[in-house]
Amino acid sequence: MDAAKDRKVVWQWYILTFLLVAAVQIISYIMGGYYPFGDKTLLIWDMDGQYVSYFSWMNHVLKGQSIDTLLYSFSVSYGGATIGLLGYYLLSPFNILLLPFSGENLPIGIQLVILCKIACCGVSMYYFLSHRFSKNGYDVVLFSLMYAMMGYNVTQEPNVMWLDGVIILPVLLYGCLTFVKGKHRRVLPLLIAVAIITDFYIAYMVMIFAVLYFFAEWFLLYGSGKWKKCLQKFFLLVLEMLIGVGLSCAILFPVLGEIFNVGRGGSGGIAESLSLILTFDPKFFMLPMKELLGAYDTTDLVNGLPNIYISLFGFLLFLLYLLDCRHDKREKLSYGLLLAVLLLSFMSVGLNQIWHGFTYTSGCPYRYSFCISFLMIVLGYLQYQTVEEKGSFCEISHGICGWGLLGLLVLWGGYAVYRQYTAGGVSFSTIHKWEATVAALCAALFFLFWIKRRKNGRLFYASITLFLLAELSVNMTWSLSDFTPRSLKEYRTFYSAVSDEIQELAEKNHGSFYRVEHKLRDSLNDAMLIGYPSITHYSSVLQDEVAEYAVEHDSLVDGIGRQATEYQAARMGAEKAGEVAIKYLMTYELPENMDNWKIIKEHPFYVLENKKFKELCYFQNGEGLVKINVINSGKIHVDAETNMDTMMITSVPYREGWSIMVDGEECKPKLKDSLMTVVPLSKGRHSIEMQYHQPKLRLGCGGSIVSLALYILYLSLLKRRQNNIVQGD
């Protein structure tokens, strides 16, 4: 009975953590005018330009409202595989929450997903702190709140897919800790597999930090001795990680096969990353400025500093931990080395590239900075416990280790403030941030004195909760205020107008295949958003051969690398558009060249029909008849009749994975312009079936099955070993 009651109390702390994190976000939504307290949405940055469209596309497919499958889409440029999009953006279990939302209300669903993910970050941090320090209570809730609302999470809300890694990190690190202690070596492979499946990119960074954390905890527990046993444990850790990687192979293999052929050109590499390890980034010395309230803005997203904000109360405790001589020396050395590795990674261009998969990033640098925020919060909590138990909030040791470090921190902070001031970082528009930061620091100092001297615990917790709610809400509001979100009204108006027109065209064409383009706004993924075939598309997984074709056919978008294709009316006339099955164009302004375009509607925008439209499959000179029976579920079925030996031309890009059967026999296709599929046919009637099968998917599934068998064998060996130990005792 007591055990059940204790579990109920523990769950109450988890629920309270979730609710407090949600409260901070809701307060910020109220202050910033976000839905439902205003018309703003979280369609910011790439969330507006890319991710909302991917989420909408996935909803269409899962609800059976699209001719696409989860593995292939005709809304991806000229037609392409979507496993790269799935593996990088769409496999979070939280995305299930989007299914009840219609396309018009999808931004509301995305806001709900973001709120839940950030709240779950707090829950996972509570799990780590309560188990790591064997303590439940309100103080653990407060530090979990700091982790959930750290600056990284706030400013990466538009990159919602990265938040799954932030959720998994504390749970995985506790798994590493128990591994060091020789306990519970069972779930680590599963955690690795989940991390990779939900977002392999951030999972890579989480695994690097997990290895570093393993060595830090080992040194803390055993010191400089037992290194032979340490290496044995490390080997087992790597083995379990590899099993976890193997379990994820069904997704990982085809995804990696896809992204290794993207059309982005050169972007780093192992040799380049290693050669740049001793190249240092001078802006690193401005890092303390990132603890200023609302200091992270759009310039930081492009080429700025790591976002290390965790709350000023937590940051002050972290600094005091570094200075306080009452902590175990081995503990400070262990965590200090881990902290130094992370700071050096921020400084070194090469190390930073290694963290990002041996590449440099085109935006959002230091995508692993949540790891240092995690460490700062853990060290801050250690200092909080010390203050609570021993009274004074800090005791600085004499000599260079104490006062020398204090002097170094003061000089570093002073230098950063001076540089910020001389660079114009202190102005009328930002002075309120400085004033609020100073006020929050004073309040944090007040609470530090109050920790040990409190007589009324409820009053202390109520006061510090209100302080953190206010500080974290203000930071979130100011951090997001530098962005320009799309309003819900604007989104709904556009979505409704275009989707209504797409529906009218579908009814007019009785289910036949055609592509639609528009020039109604500067968005490259509206085909996936609303649900229609189009050559206009933007993603970081655009294939290299498609990018090459787009260069030669005037459809590659300038200025964003080799990652986007677009119908460009000024370069592609009706005839060129017709060759790739573009039948309709929606636009506010008529093209200069109206040859072969017919106006079929003028309000609320022009709808043009292409007189030179050609079907997805056609004969070049009218050498026969083509009837397309099925285009669905990654399959194209065609009945063709020709009066001579000829070629059936398609506007379907050929790539590994397409199988082509003519009259039940496998056919080797030819290529038009090195990309488009051409099927050779002899005189007479033919039944042609084209079907796409994702490359490396079967291989990956086989790898997952083998890894599952190895995992089960590994668990059985562990259980047998434990039984032998028990019998020996």
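See the structure shown above.
Conventions and cut-offs
- Residues numbered from 1 in each chain as written.
- Predicted model: local features only at pLDDT ≥ 70, side-chain atom pairs only at ≥ 80, totals over all residues.
- Heavy atoms only, no water.
- Core = buried A, V, L, I, M, F, W, Y, C linked by side-chain atoms within 4.5 Å.
- Buried < 20%, exposed > 50% of the residue type's maximum accessible area, 1.4 Å probe, protein only.
- Axes fitted to C-alpha atoms, helices over the stretch in contact; angles between N-to-C directions.
- Helix = DSSP H or I, 4+ residues; strand = E, 2+ residues; numbered from the N terminus.
- Parallel < 35°, antiparallel > 145°, perpendicular 65-115°, else oblique.
- Left-handed = near helix turned anticlockwise from the far one by under 90°.
- Contact = heavy atoms within 4.5 Å.
- Nonpolar A, V, L, I, M, F, W, Y, C, P; charged D, E, K, R; others polar.
- Pairing = 2+ DSSP bridges.
- Salt bridge = Lys/Arg side-chain N within 4 Å of Asp/Glu carboxyl O.

J.: It is not clear to me how the nonpolar core should be interpreted in this structure. Could you clarify?
T.: The nonpolar side chains of soluble globular proteins are, as a tendency, buried together. In this structure, Phe313 and Ile636 are the most contacted members of the largest nonpolar core, which totals 196 residues. Val546, Ala574, Ile582 and Leu675 belong to the second largest nonpolar core, which has 19 residues in total.

J.: Please clarify how the packing of helix α4 (residues 106-132) against helix α17 (residues 370-390) should be interpreted in this entry.
T.: Two quantities define a packed helix pair, namely the angle between the helix axes and the distance between the axes. Orientation of α4 relative to α17, taken along the N-to-C sense of each, is 45°, at an axis distance of 12 Å. Between α4 and α17, the angle falls in the class oblique. Note that α4 runs across α17; the crossing there is right-handed. Contacts from Met125, Phe128 and Leu129 in α4 reach Phe374, Ile377, Val378 and Tyr381 in α17. Partitioned by chemical class, the residues of the contact of α4 with α17 number seven nonpolar, no polar and no charged.

J.: What is the right way to look at the sheet that holds strand β7 (residues 597-601) in this model?
T.: Two modes of strand pairing occur in sheets, parallel and antiparallel, and in both the strands are linked by backbone hydrogen bonds. One open sheet accounts for four strands, arranged β3-β6-β8-β7; its pairing is mixed. At either end of the open sheet lies a strand with only one pairing partner, and these are β3 (515-519) and β7. The sheet shows a mean angle of 25° between the axes of neighbouring strands, taken without regard to direction. Strand direction decides the pairing type here: β3 and strand β6 (residues 582-587), joined by five bridges, are parallel. Across the sheet, the residue bridging to Lys519 is Thr587, located in β6. Packed onto the sheet, helix α21 (residues 488-509) meets β3, β6, β7 and β8 (606-610) and runs at close to 150° relative to β6.

J.: Is there a simple way to think about the pattern of salt bridges in this case?
T.: In a structure, side chains of opposite charge can pair up when their charged atoms sit close to one another. Under the definition given, this model contains 17 salt bridges. In this structure, Asp139 and Lys135 form a salt bridge, with 2.9 Å as the shortest nitrogen-oxygen distance. For Asp139, a relative accessible area of 2% translates into the label buried. Among the residues examined, Lys135 registers a relative accessible area of 24% and is labelled partly exposed.

Structural measurements only, silent on function.
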